[in-house]
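If you want the building blocks of each chain, they are given just below.
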Amino acid sequence: MVSYKDLGLVNTREMFAKAVKGGYAIPAFNFNNMEQLQAIIQAAAETKSPVILQVSKGARNYANQTLLRYMAQGAVEYAKELGWENPQICLHLDHGDSFELCKSCVDFGFSSVMIDASSKPYEENIELSRRVAEYAHKYDVTVEAELGVLAGVEDEVSAEESHYTRPEEVIDFSKRTGCDSLAISVGTSHGAYKFRPEQCTRDPKTGRLVPPPLAFDVLHEIEKKLPGFPIVLHGSSSVPQEYVDIINANGGHLPDAVGIPEEQLREASRSAVCKINIDSDSRLAMTAAIRKTLNDKPGEFDPRKYLGPARDEMKKLYIHKIVDVLGSDGKA
Ligand code: G3H
Ligand code: 13P
Ligand code: ZN
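Residues numbered from 1 in each chain as written. Chains lettered and ligands numbered in written order. Predicted model: local features only at pLDDT ≥ 70, side-chain atom pairs only at ≥ 80, totals over all residues.

Some points on the overall build of the chain
This is how the line gets drawn: Secondary structure counts use DSSP, requiring at least four H or I residues in a row for a helix and at least two E residues in a row for a strand, with both numbered from the N terminus. Here the globule rule reads 2.2 Å times residues to the power 0.38, and the radius of gyration is calculated from C-alpha atoms. Buried, partly exposed and exposed are defined by the number of other C-beta atoms within 10 Å of a residue's own C-beta, namely 20 or more, between the two limits, and 12 or fewer respectively, with C-beta atoms placed from the backbone. Each residue is represented by a C-beta atom placed from its backbone, and any two residues with such atoms within 7 Å are regarded as in contact.
From N to C terminus, the chain includes 12 helices and 12 strands. Taken against the 2.2 N^0.38 rule, which gives 20 Å for 332 residues, the C-alpha radius of gyration of the chain at 19 Å falls within 12% of a compact globule. For the chain, the spread of C-alpha atoms along the three principal axes comes to 60 × 50 × 35 Å. Per-residue burial over the chain gives 51% buried out of 332 residues. Summarising the internal contacts of the chain: among those between residues at least 6 apart in sequence, 73% fall at separations of at least 24.

Written as structure tokens, this is what we have:
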């Protein structure tokens, strides 16, 4: 048994309470590799923003859960070295799909876990989420549960259409599960193709796709039912078109990639939404920088020469999200 407290990590309780009160959101960035982690920590340290490092099932398969946990432990020391005296870094399991997996993360130094049983029937979702919360709370590990189904791919769970969270269920669900935060479905979805072109309109000036707005009415109803309760938005990448253009101009092919407009995420951050999950935007920043470097310099074969610029681009992106979208700068 390893306690996250001995690793210098923190759970989400205090950061969420402050974020809900202060009208901002904590960034939850996924990481799979060293360059992403360096960029996240550099951005958080420079802006003094609390940050959640997320480990998905895909990340565990790719990089190994043990290695990722030690990297997060190293990240705390790295943050201090960068001059961040009291780093507020949470290590979070993203989309945990079983009690055993959540338990293994609690036992191994994670400070927060998500149990995503959102694709199961309501009562099964409650029972599994409740079991995880009961176990995790013994070790002061915080728990995110999910109600409602996002469109697109949720790790391996695919849902053709999203099912918005039903506000009439949230009080019962949060009470009976004992979860510390609730991921909801209000129109976001995972990946770089959040809406089909036929769901969007086109900006006549730019020809870009304009997605339908998030269901703020549903979000506000949920807030009314659960005043002050921490709400989480998954699938919140905005799919910056400048990265899509760079990728497409340098041999890539991402037709009609579209995300959530940042003004809407800014608006959500001011509400009870206190955790915003971003993964795809970092992938796009990294891929754009790598493609461009390799295209501009065909003789380059030292990975540091293309991963370095990719790391810089991700850091720029993370700082932008923290400062201009979520408003979490200066809060740690
Ligand atoms: O929620 C999904 C995240 O973007 C992680 O995706 O399983 O491909 O790492 P992944
Ligand atoms: P994006 O694919 O929009 O970045 O969402 C990431 C996410 O929700 C991770 O859990
Ligand atoms: Zn997610």
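There's more to say after this.
Focus: the site of ligand 2
What counts, and what does not: Each residue receives a C-beta atom built from its backbone; the residue is near a molecule or strand if that atom lies within 6 Å of it. Polarity classes work like this: nonpolar for Ala, Val, Leu, Ile, Met, Phe, Trp, Tyr, Cys and Pro, charged for Asp, Glu, Lys and Arg, and polar for all others, with Gly in that last group.
In the region of ligand 2, 14 residues are neighbours, and His234, Ser237, Asn277, Asp279 and Ser280 sit closest. Along the lines of polarity and charge, the residues of the shell around ligand 2 split into one nonpolar, 10 polar and three charged.

Examining the site of ligand 1
Ligand 1 sits among 10 residues. The nearest are Ser56, Gly58, Ala59, His190 and Asp279. Secondary structure elements with two or more residues in the shell around ligand 1: helix H3 (57-63) and strand S3 (89-96). Broken down by element, the residue count for the shell around ligand 1 peaks at three residues, all from H3. A class-by-class count of the residues in the shell around ligand 1 yields one nonpolar, five polar and four charged.

Focus on the pairing of strand S4 (residues 112-115)
Stated precisely, the cut-off is as follows: Whether two strands pair comes down to DSSP finding at least two bridges between them. Seen with its strands pointing away from the viewer, a crossover is right-handed if its path from the first strand over the helix to the second goes clockwise.
Along S4, one buried face is formed by Ser112 and Met114 and the opposite face, lined by Val113 and Ile115, is buried too. Sheet analysis places S3 next to S4, joined by three bridges and oriented parallel. Directly across from histidine 92, in S4, lies its bridge partner serine 112. Read from S3 through helix H5 (residues 99-107) to S4, the crossover connection turns out right-handed. Pairing of S4 with strand S5 (residues 142-147) involves four bridges; the strand directions are parallel. Within the sheet, the bridge partner assigned to methionine 114 lies in S5 and is glutamate 144. Viewed along the sheet, the connection from S4 through helix H6 (residues 122-138) into S5 turns out right-handed.

What about the sheet that holds S5?
Selection rule: Angular values range over 0 to 180 degrees, each being the angle between N-to-C directions of two axes fitted as lines to C-alpha atoms, with helices fitted over their stretch in contact.
In space, the eight strands of this closed barrel follow the order S1-S2-S3-S4-S5-S8-S11-S12, with parallel pairing throughout. For this sheet the average axis-to-axis angle between neighbouring strands, irrespective of direction, equals 25°. Of the strand pairs in this sheet, strand S8 (residues 181-184) and strand S11 (residues 231-233) are connected by three bridges, and their pairing is parallel. Bridged to alanine 183 within S11 is valine 232. In this fold helix H4 (residues 65-81) packs onto strand S2 (51-55) and S3, with an angle of close to 155° to the strand it touches most, S3.

Here we look at the environment of glycine 235
Within the fold, glycine 235 resides in the loop between S11 and helix H9 (241-249). Accessibility expressed as a C-beta count within 10 Å gives 25 for glycine 235, which makes it buried. Counting along the chain gives 192 residues from glycine 235 to alanine 43, while the straight-line C-alpha distance between them is 21 Å. Contacts of glycine 235, omitting those with residues within four sequence positions, involve Leu150, Thr188, Ser189, His190, Lys194 and Asn277.

Section: the environment of aspartate 296
Along the chain, aspartate 296 falls in helix H11 (residues 280-296). Spatially, the C-alpha atom of aspartate 296 lies 27 Å from that of phenylalanine 31, the residues being 265 residues apart in sequence.

Thoughts on helix H10 (residues 262-269)
Using the following cut-off: Of all possible arcs, the one meant is that of the directions from the helix axis to the C-beta atoms.
Burial in H10 covers these residues: Gln264, Leu265, Ala268 and Ser269. Along the long axis of H10, the arc covered by the buried residues comes to 140°, so they all point the same way. On its buried side, H10 packs onto helix H8 (216-225), S11, strand S12 (273-278) and helix H12 (303-326).

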